[in-house]
Amino acid sequence: METTLEPVNMHPLTGQPAWKKLEAHSKKTRKQHLRELFAADSDRGKRLTAEGAGIYFDYSKNRVTDRTIQLLLQLADATQLRAKIDAMFRGEKINITEDRAVLHVALRAPKGTSIVVDGVDVVPEVHQVLDKMADFCNRVRSGAWTGHTGKRMRNIVNIGIGGSDLGPVMAYEALKYYSDRAMTFRFVSNVDGTDFVEAVHGFDPAETLFIISSKTFTTLETMTNAHSARDWALAGLGGDPKSIAKHFVAVSTNSEEVSKFGIDTNNMFVFWDWVGGRYSMDSAIGLSTMLAIGPSSFQEMLQGFHEMDEHFRTTPFERNLPVLMGLLAIWNNNFLGASTVAVLPYNQYLKRFPAYLQQLTMESNGKHVTLNGTEVNYQTGPIYWGEPGTNGQHSFYQLIHQGTRLIPCDFIAFAQTLNPLGHRHCAVGGIGVWKDSRAG
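These numbers come from a predicted model, not from an experiment. (Residues numbered from 1 in each chain as written. Predicted model: local features only at pLDDT ≥ 70, side-chain atom pairs only at ≥ 80, totals over all residues. Heavy atoms only, no water.)

Within the protein chain, the regular secondary structure consists of 16 helices and 13 strands. At 23 Å, the protein chain has a C-alpha radius of gyration in line with the 22 Å of a compact globule built from 440 residues. Looking at the protein chain as a whole, 50% of its 440 residues are labelled buried. Contacts in the protein chain between residues far apart in sequence, at least 24 positions, make up 68% of those at least 6 positions apart. For the protein chain, the computed accessible surface area is about 20200 Å², with 50% contributed by carbon and sulfur atoms. Of the charged side chains in the protein chain, 44 are positive and 45 negative, and the gap between their average positions amounts to 6 Å. (Helix = DSSP H or I, 4+ residues; strand = E, 2+ residues; numbered from the N terminus. Rg over C-alpha atoms; globule rule 2.2 N^0.38 Å. Buried < 20%, exposed > 50% of the residue type's maximum accessible area, 1.4 Å probe, protein only. Contact = heavy atoms within 4.5 Å. Areas by Shrake-Rupley, 256 points an atom, 1.4 Å probe, with all protein chains shown as cover. Lys, Arg positive; Asp, Glu negative; His and termini not counted. Charge placed at Lys NZ, Arg CZ, Asp CG, Glu CD.)

Written out as structure tokens, the structure is:
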């Protein structure tokens, strides 16, 4: 999906009056220290904040003034960002290179709402798949689903790559507190055989269920690992090909290839071409997540996503968390020369969140042309990286606060820990705070 902002008149973004004003403004303000900004404005820490969907966003520690935000909002208006947001929510085919809608928001739309693509309301289809996933997960979690030898499934292995791995493994780790500890979950993505061998080490094939996640069921890395899993399972289950149907399910759109593999297509969970891989964790790609935390908790997660979707869709830009974060990224990257963003969650459950964000942002914004094919002459996206606190404090923080580089840092703090062990929980004065006590 091309996400580079582009003016309506198809001239380069840098030709916009707001961009020119930002360039002039940055020359006057880029040398200002945060100490000066706070000293000159006692209300800064209260005013430069926003809140939505249980998240409190403090951006007062960015090197910005009210004028900076005003100009950035003018830039958003000049590019008709509101119209583009509305077009996405309407299901218009804003992915022009593939002539597709971009509708991950439909994956968490409540029953009764309507989003139409090519004359079809896709929301009922989404909930049909969610209901099918829930039924399957309830059977596995209760022990009603048994393997080839009659044993219940205690080991779940998700095999995928990219969005079919990074989303599920991030969500599993983030929500591990709520997971069924009677089951063990592992994730395989690397075509290096070590990844698979270590994932199944110590597992009994009779108690192991594999989820093969591939839209086309032809992805090289995923299918190489899938066939290794098939060989491993057959070797441990007496070589009966019929056993595959009891130990493998598929998340795919290619029923023919799924059937050839030996998976019962009744146990194939579909998703749609309007679901981008990096946005797919709340589709059937999240089957492992639902198995871990249960259908009810999965629905709670979708509800949280939907709350943020509605905040993004309806909130004025000056209080809109995703819009403000996007505009600040443009400011830091293009006007202050800060080419990276450190994501620093102060919660061990979010240890895979920086890796997930790397794909989510860098694959989306890693472009060098605009929608009409024009070469850009600005930076389209920063490099995302990070590590949970407090580990990072003993690794790279010294370069951040004593080195020569300007490195924007997104601190994620939680108002309440899930695992209170005395005076341990970190209260960070950072960029975003989850006010909800849940980890995800």
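Right, picking up where we left off after that structure.
Okay, the packing of aromatic side chains next. One pass over the structure, following the stated rule, counts 22 aromatic pairs. Ring geometry for phenylalanine 136 versus phenylalanine 269: centroids 5.4 Å apart, planes at 55 degrees, classification tilted. Note that phenylalanine 136 is positioned in helix 6 (residues 122–142) and phenylalanine 269 in strand 9 (residues 268–269), a separation of 133 residues in sequence. For the pair phenylalanine 136 and phenylalanine 269, one class covers both residues: buried. Considering the side-chain rings of tyrosine 397 and phenylalanine 411, the 6.5 Å spacing of their centres and the 75 degrees angle between planes classify their relative orientation as edge-to-face. (Phe/Tyr/Trp six-rings, centres within 6.5 Å; stacked < 30°, edge-to-face > 60°.)

This paragraph deals with the environment of histidine 148. Mapped onto the fold, histidine 148 is located in the loop between helix 6 and strand 5 (155–159). When the C-alpha positions of histidine 148 and alanine 206 are compared, they lie 6.7 Å apart, and in sequence the two are 58 residues distant. With residues near it in sequence (within four places) discarded, histidine 148 still touches Leu237, Asp240, Ser243, Lys246 and His247.

It is worth spelling out the environment of alanine 233 at this point. Within the secondary structure, alanine 233 sits in helix 9 (residues 220–236). For alanine 233, a relative accessible area of 1% translates into the label buried. Considered as a pair, alanine 233 and arginine 90 are 143 residues apart in the sequence and their alpha carbons are 45 Å apart. Once residues within four sequence positions are removed from consideration, alanine 233 is found in contact with Pro205, Phe210 and Phe248.

At the junction of glycine 389 and threonine 390, the peptide bond is cis and its omega measures out at 10 degrees in the coordinates. Tracing the sequence through the fold places threonine 390 in the loop between strand 11 (383–386) and helix 16 (397–402). Despite not being glycine, alanine 53 has its phi angle at roughly 55 degrees, a positive value. Here alanine 53 is to be found in the loop between strand 1 (49–52) and strand 2 (55–58). By relative accessible area, which is 33% here, alanine 53 ends up partly exposed.

Below, the discussion takes up the packing of helix 4 (residues 66–78) against helix 14 (residues 321–335). Close contact between helix 4 and helix 14 brings their axes to 10 Å; oriented N to C, the two are set at 110 degrees. Of the possible angle classes, the one that applies to helix 4 and helix 14 is roughly perpendicular. Residues Thr68, Ile69, Leu72, Leu73, Leu75 and Ala76 of helix 4 touch helix 14, and the partners they reach there are Leu327, Leu328, Ile330 and Trp331. By residue class, the composition of the contact of helix 4 with helix 14 is nine nonpolar, one polar and no charged. (Axes fitted to C-alpha atoms, helices over the stretch in contact; angles between N-to-C directions. Parallel < 35°, antiparallel > 145°, perpendicular 65-115°, else oblique. Nonpolar A, V, L, I, M, F, W, Y, C, P; charged D, E, K, R; others polar.)

Another point: the pairing of strand 10 (residues 340–345). Counting buried positions along strand 10 yields six of six residues, so the element is predominantly enclosed. Covered by surrounding structure in strand 10 are Thr340, Ala342 and Leu344 together with Val341, Val343 and Pro345, the residues of both alternating faces. In terms of strand pairing, strand 10 meets strand 11 through four bridges, oriented parallel. The residue bridging threonine 340 from the neighbouring strand is isoleucine 383, located in strand 11. (Pairing = 2+ DSSP bridges.)

In this section: the nonpolar core. Formed by 96 residues in total, the largest nonpolar core has its most connected members in Leu103, Met133, Phe136, Leu209, Trp274, Leu287 and Leu291. Top element by residues in this core is helix 6. It accounts for 10 residues. Those residues in contact with leucine 103, other than ones at most four positions away along the chain, are Met88, Phe89, Gly91, Ile115, Val117, Val122 and Trp274. Core analysis: the next-biggest nonpolar cluster, separate from the first, contains 24 residues, Ile159, Phe203, Ala233 and Leu237 among them. (Core = buried A, V, L, I, M, F, W, Y, C linked by side-chain atoms within 4.5 Å.)

Attention now moves to the side chain of histidine 25. Relative to the elements of secondary structure, histidine 25 occurs in helix 1 (residues 17–29). Ignoring sequence-local partners within four residues, the contact set of histidine 25 consists of Thr65, Arg67, Thr68, Leu71 and Trp331.

Sheet architecture is open: five strands sit in the order 6-5-7-8-9, paired in parallel fashion. Unpaired on one side and paired on the other, strand 6 (184–188) and strand 9 mark the two borders of the sheet. Summarising the sheet, strand 7 (residues 208–213) and strand 8 (residues 248–251) pair through four bridges and their orientation is parallel. Across the sheet, the residue bridging to serine 213 is valine 251, located in strand 8. Where helix 9 meets the sheet, its contacts fall on strand 5, strand 6, strand 7 and strand 8, and the angle it forms with strand 7 comes to roughly 160 degrees.

Let's shift gears to the packing of helix 7 (residues 163–174) against helix 15 (residues 353–365). It is the contact of helix 7 with helix 15, at a shortest axis distance of 9 Å, that shows an interaxial angle of 145 degrees. Where helix 7 crosses over helix 15, the handedness of that crossing is left-handed. On helix 15, the residues that touch Gly163, Leu166, Gly167 and Met170 of helix 7 are Phe353, Ala355, Tyr356 and Gln359. Classifying every residue of the contact of helix 7 with helix 15 by side-chain character gives five nonpolar, three polar and no charged. (Left-handed = near helix turned anticlockwise from the far one by under 90°.)

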